[in-house]
Amino acid sequence: MTLRPQKPRAFRLDEAGLVINEDKASAPVVVEAQPDPYAIAADQTAPEVAIERAETRGILARTFISWSGLFWSALGGLVSLAAGLWIAQLLDQLFARWQALGWIGVALVTVLVLALAVLAGREAFGIFRQRRIAKLHLALEAAHAKDDTRSARKLVADLVTLYAARPETAAARARLLEHSGEIIDGRDLIDIAERELMRGRDAEVAREIAKAAKRASLMTTLSPRAFLDVIFVFANVLRLMRRVAEIYGGRPGLLGLLKLARSVAAHLAITGGMAAGDSLLQQLVGHGIAAKVSARLGEGVLNGLLTTRVGLSAMAVCRPMPFHIDPQPGVKDVAPFLFGNGKD
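If you're wondering where the values come from, they're calculated on a predicted model, not measured in any experiment.

Explain the layout of surface pockets to me, please; I cannot follow it from the model alone.
To find leftover empty space, one rolls a probe the size of a water molecule over the atoms. The volume enclosed by the largest pocket comes to roughly 270 Å³. Forming the boundary of the largest pocket are 13 residues, of which Gln130, Arg131, Ala134, Ser263 and Val317 lie nearest the centre. At seven residues, the largest contribution of residues to the lining of the largest pocket is made by helix H4 (residues 99-146). Here the residues of the lining of the largest pocket are counted per class, giving six nonpolar, four polar and three charged.

Okay, structure coming up:
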């Protein structure tokens, strides 16, 4: 089909039948300003960038400008310089006195430095292992809450690796690895891991807590001096915390044990702790019983209760996974003999 070109023609404005829309003709042309998308993106990201920079400055300030850190670093440096200067002077005096004595001193200093390095490595390994257990505890709790199958399988594999050197857990680890390859929900897999690996460890920890409570109660009852009670109970509690950590896979050294003691004290403070006093003894043992027993026996029971509470807090801190299928044991569960019901 061919379109014919139309010829131009003229017409008059006052021609009949011609309608002119005056509103459209007289309407002003409006030019709308379009916003710059790059400017909008910059305005939206500016607060986030400012917040991130502020957080970074805060982290750097906490990392590099810590007065307590500067104090301990300076003190440690001074002590190290003093010890080094004293050892150097001692070696000079030994060499001046007799050359053989000087070489004996050098050998002893070498053994001292080597032993110090080994101890420092053991302490660092113990702290790192305990921190790894704490992170595993939090990660397993989060995976159980979210029912994350992928994370649960990875974390259960880490849990199996944690007890790889325990021959008594070989059968449980084999069953757990077999379940990990099956189609199973993350929450159920974590519950199976708790049943297979933790129940035996929990029972062993409960026995250790009961033994420590018995020792504290008996020693307090038979001790002739109060300060001996304090020393024994303190040593007994430290031994119990170390033993609980070892059962759950930790290997705390001296510094690791102090860090663990701080964590246990914080847990005791959060969970309510235990106040020493006759009123607490009456609440736990029974109203009126504290007035009928001797003072030494009452103190023995109280120290046994305190030791049990510390052991339970250490259990909650050192356990590599939270309690899900089994409830967390209480004082009456691990030390019923302290309540006079005749159970052992």
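Would you mind going over the packing of H4 against helix H7 (residues 186-222) with me for this structure?
In a pair of packed helices, the angle between the axes and the distance between the axes together describe the arrangement. Running from amino to carboxyl end, H4 crosses H7 at an angle of 135°, the nearest separation of the two axes being 7 Å. Between H4 and H7, the interaxial angle falls into the category oblique. In this structure, H4 meets H7 at a crossing whose hand is left-handed. On the side of H4, the interface is formed by Leu140, Ala143, His144, Ala145 and Lys146, while H7 contributes Arg187, Ile190 and Asp191.

So what exactly am I meant to see when it comes to helix H5 (residues 149-162) here?
An α-helical turn contains 3.6 residues, so a residue and the one three or four places further along point in the same direction. Taking 1.5 Å as the rise per residue, H5 with 14 residues should run 20 Å; its terminal C-alpha atoms sit 20 Å apart, in good agreement. Along H5, the residues that are buried comprise Ala152, Leu155, Val156, Leu159, Val160 and Leu162. For H5, the buried positions fall inside an angular range of 150° around the axis, keeping them on one side. Turned more than 90 degrees off the buried face of H5, the exposed positions are Arg150 and Lys154. In this structure, the buried side of H5 is in contact with H4, helix H6 (170-180) and H7. Sitting at the amino-terminal end of H5 is Asp148, which places a side-chain oxygen 3.3 Å from the backbone nitrogen of Arg150.

Teacher, can you tell me more about the packing of aromatic side chains here?
For any pair of aromatic rings, the description consists of the separation of the ring centres together with the inter-plane angle of the planes. What the rule picks out here adds up to two aromatic pairs. On the basis of an interplanar angle of 75° and a centroid distance of 5.1 Å, the ring pair of Phe71 and Trp72 is categorised as edge-to-face. Taking the relative accessible area as the measure of exposure, Phe71 reaches 49% and is therefore partly exposed. For Trp72, a relative accessible area of 57% gives the class exposed.

Help me understand the pattern of salt bridges in this model?
Side-chain pairs of opposite charge can arise where the charged atoms are in close proximity. Inspection of every chain in the model, using the stated rule, returns ten salt bridges. Across the pair Arg199 and Asp326 runs a salt bridge whose closest N-O atoms are separated by 2.9 Å. Here the residue Arg199 occupies a position in helix H7, and Asp326 occupies one in the loop between helix H12 (295-318) and helix H13 (331-334), the gap between them amounting to 127 residues. Taking the relative accessible area as the measure of exposure, Arg199 reaches 40% and is therefore partly exposed. A salt bridge links Glu208 to Arg243, with the shortest nitrogen-to-oxygen separation between them at 3.6 Å.

Before we go on, may I ask you to explain the nonpolar core in this structure?
A general trend in soluble globular proteins is that nonpolar side chains are found buried together. Ranked by size, the top nonpolar core spans 50 residues in total, and within it Leu159, Leu176, Met241 and Tyr248 carry the most contacts. Elements represented by at least two residues in this core include exactly H4, H5, H6, H7, helix H8 (226-247), helix H9 (254-270), H12 and H13. Sorting elements by how many residues they give to this core places H7 first, with ten residues. Discounting chain neighbours no more than four positions away, the residues touching Leu159 are Leu136, Ala193, Leu197, Met198, Pro320 and Met321.

The rules behind these values
- Residues numbered from 1 in each chain as written.
- Predicted model: local features only at pLDDT ≥ 70, side-chain atom pairs only at ≥ 80, totals over all residues.
- Heavy atoms only, no water.
- 1 Å grid on protein atoms, 1.4 Å probe; cavity = no way out; pocket = protein on both sides within 12 Å on 5 of 7 lines; lining within 4 Å.
- Points joined across faces, edges and corners; volume = space filled by probe spheres on them.
- Helix = DSSP H or I, 4+ residues; strand = E, 2+ residues; numbered from the N terminus.
- Nonpolar A, V, L, I, M, F, W, Y, C, P; charged D, E, K, R; others polar.
- Axes fitted to C-alpha atoms, helices over the stretch in contact; angles between N-to-C directions.
- Parallel < 35°, antiparallel > 145°, perpendicular 65-115°, else oblique.
- Left-handed = near helix turned anticlockwise from the far one by under 90°.
- Contact = heavy atoms within 4.5 Å.
- Expected span 1.5 Å × (residues − 1).
- Buried < 20%, exposed > 50% of the residue type's maximum accessible area, 1.4 Å probe, protein only.
- Arc of directions from axis to C-beta.
- Polar contact = N/O pair within 3.5 Å; in protein donor to acceptor, adjacent residues only side chain to side chain.
- Phe/Tyr/Trp six-rings, centres within 6.5 Å; stacked < 30°, edge-to-face > 60°.
- Salt bridge = Lys/Arg side-chain N within 4 Å of Asp/Glu carboxyl O.
- Core = buried A, V, L, I, M, F, W, Y, C linked by side-chain atoms within 4.5 Å.

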